[in-house]
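# Per-entry structural report
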Amino acid sequence: MKIIVVGGAGYIGSHAVKQLIENGDEVIVIDSLETGHRESVPQNIPFYQVDIRNKEALKAVFEKETVDGVIHFAANSLVGESMTNPLKYYNNNVTGTETLLEVLIETGVKNIVFSSTAATYGEVTEMPILESTPTSPTNTYGETKLAIEKMLKWTHKAHDLNYVCLRYFNVAGADASGTIGEAHTTETHLIPLILQVPLGQRPHITVFGTDYPTKDGTCIRDYIHITDLVNAHILALQYLMNGGESNIFNLGSNTGYSVLEMIEAARAVTGHPIPMEIGERRAGDPALLIASSEKAKKVLGWTPQYTDIKYIIASAWKWHQSHPNGYKGE
C-alpha cells in the first residue's frame, strides 16, 4: 500500500509510520510540526510540513503523491485546553479535517482511517462501553471528534468516501526499540506523569480523588499499547481497501486498572518508591471507563498482543530513560 499519514510526526502517528514501513508499505508524512517532532520520522521518507487548513499546499501533496488511502491523526488533543480555547479546536480539528476531505474528494482518494476518541461518549454508566453506547461529549475536544465522525458519515453518503473511525481509550507505552515514544510539551497522560517521578522531574505523583465508587477509590481506565493501537489502524485501512463498509470501532484492552494499580505497577517496573500525594477530584473525571473491543476483533480481525500493564509501563520506561527530555537535543 502507498499511504499518507496525516499527523505522522506525533506520538501515535510516528508509531504508525514505523510499523507501516516495517510492513513494507510506502509511506508519506504530512505534519505541521505544531506538536509533532520531525526527529520521530525517518529522514529518508517523503515529509511535507503542511498545515491541513492550508488547502493549496495540502492539495499539492496529494496531486504529487498518488496514494491508496489516508490515516488521519492530525488534531489538537488537550481536553483542558479545549475547554478554555474551544475555537482553536474547532478550527484545527473540524475545519482542518473539512479541508482534508475536500482535497481527498478532489484528488480521488477513497479510503480514510480517522483517529477518534472515547471522549465522544462523555459520562457513561454502562460498562463496558459499546459502539452503540450513546455519545454525549463533556468537553470540546470530544465534541470536535464527534463532529468529524458525523462529517465523515455525510461525506461518505454524498461522495462515496469510505471511512473507519477508531475510538480509543488510554493509549500508552512505546515501540519496543525505544527509539520513539511519547513526548508532549504539556504532559497530561498518567503513565508519563508517573514516570517523571523516578526520572527526578517531579517529587511525587498526585492522585486526584480516592473516594470514587471503585475497588480502591481511584479512577479506573482501560489502557491500550501503542503498537496494538497502530496495528488496528493498519487493519482498518486494509479492511476498507478490501471493500469493507464504513464503520466505527472501539479500541481498548477490555480491562481496567485503577490509578493506584498503575502507580504500584510503575514502582515494580522502575524499582523506585514513587511517592504520591492525594489531591481533590478533578471535575468531569468519570469513575470507570472500560471499552468493549469485540466488534474490532470480530470485523477487523484485531487481537491486542501487549495487554500486560507492566509490559506497557516498561516499554514507556525504556523510552523515557533514554529520552528524559523527549526529542529535545536530538
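Keep in mind the model is a prediction, meaning the values are calculated, not measured. (Residues numbered from 1 in each chain as written. Predicted model: local features only at pLDDT ≥ 70, side-chain atom pairs only at ≥ 80, totals over all residues. Heavy atoms only, no water.)

### Digging into the UniProt feature "domain: NAD-dependent epimerase/dehydratase" (unreviewed entry) in the protein
UniProt annotation of "domain: NAD-dependent epimerase/dehydratase" (unreviewed entry) refers to residues 3-252 when read in the numbering used here. Between the C-alpha atoms that bound residues 3-252 there is a distance of 24 Å. The span itself is 37% helix and 19% strand. (UniProt positions renumbered as here; feature names shortened; annotations may be inferred. Helix = DSSP H or I, 4+ residues; strand = E, 2+ residues; numbered from the N terminus.)

### Description of the sheet that holds strand S2 (residues 26-30)
Two orientations exist for strands paired in a sheet by backbone hydrogen bonds: parallel and antiparallel. Reading across from one edge, S3-S2-S1-S4-S5-S6-S10 is the order of the seven strands in this open sheet, with parallel pairing throughout. With one partner strand each, in any of the chains shown, strand S3 (47-48) and strand S10 (247-251) form the two edges of the open sheet. Of the strand pairs in this sheet, S2 and S3 are connected by two bridges, and their pairing is parallel. Within S3, the residue paired with Val29 across the bridge is Phe47. Relative to the sheet, helix H2 (residues 55-64) contacts strand S1 (2-6), S2, S3 and strand S4 (69-72), its axis offset from that of S2 by approximately 170 degrees. Contacting strand S5 (111-117), strand S6 (162-168) and S10, helix H5 (residues 140-159) runs over the sheet at an angle of about 155 degrees to S5. (Pairing = 2+ DSSP bridges. Contact = heavy atoms within 4.5 Å. Axes fitted to C-alpha atoms, helices over the stretch in contact; angles between N-to-C directions.)

### Remarks on the packing of helix H8 (residues 259-270) against helix H10 (residues 309-322)
H10 packs onto H8 with a crossing angle of 60 degrees between their chain directions and a minimal axis gap of 9 Å. Overall, the two elements H8 and H10 adopt an arrangement that is oblique. Here H8 and H10 pass one another in a crossing that is right-handed. Each of Met262, Ala265, Ala266, Ala268, Val269 and Thr270 in H8 lies in contact with H10, whose residues at this interface are Ile309, Lys310, Ile313, Ala314 and Trp317. Residue composition of the contact of H8 with H10, grouped by class: nine nonpolar, one polar and one charged. (Parallel < 35°, antiparallel > 145°, perpendicular 65-115°, else oblique. Left-handed = near helix turned anticlockwise from the far one by under 90°. Nonpolar A, V, L, I, M, F, W, Y, C, P; charged D, E, K, R; others polar.)

### Details of the layout of surface pockets
In this structure, the second largest pocket encloses a volume near 380 Å³. Together, 19 residues line the second largest pocket, and Ala183, His184, Asn325, Gly326 and Lys328 are the ones closest to its centre. The class makeup of the residues in the lining of the second largest pocket is six nonpolar, nine polar and four charged. (1 Å grid on protein atoms, 1.4 Å probe; cavity = no way out; pocket = protein on both sides within 12 Å on 5 of 7 lines; lining within 4 Å. Points joined across faces, edges and corners; volume = space filled by probe spheres on them.)

### What to know about the pattern of salt bridges
As enumerated under the stated definition, the model contains 16 salt bridges in all. Taking the shortest distance from any N to any O, the salt bridge between Asp51 and Arg53 comes out at 2.8 Å. Asp51 gets classed as partly exposed once you look at its relative accessible area, which sits at 25%. Residue Arg53 is classed as partly exposed on the basis of its relative accessible area of 31%. Glu81 is paired through a salt bridge with Lys88; the nearest N and O atoms lie 2.9 Å apart. Overall, Glu81 belongs to the partly exposed group, its relative accessible area being 25%. Here the residues in one salt-bridge network are Lys55, Lys59, Glu102 and Glu106, joined through shared partners. (Salt bridge = Lys/Arg side-chain N within 4 Å of Asp/Glu carboxyl O. Buried < 20%, exposed > 50% of the residue type's maximum accessible area, 1.4 Å probe, protein only.)

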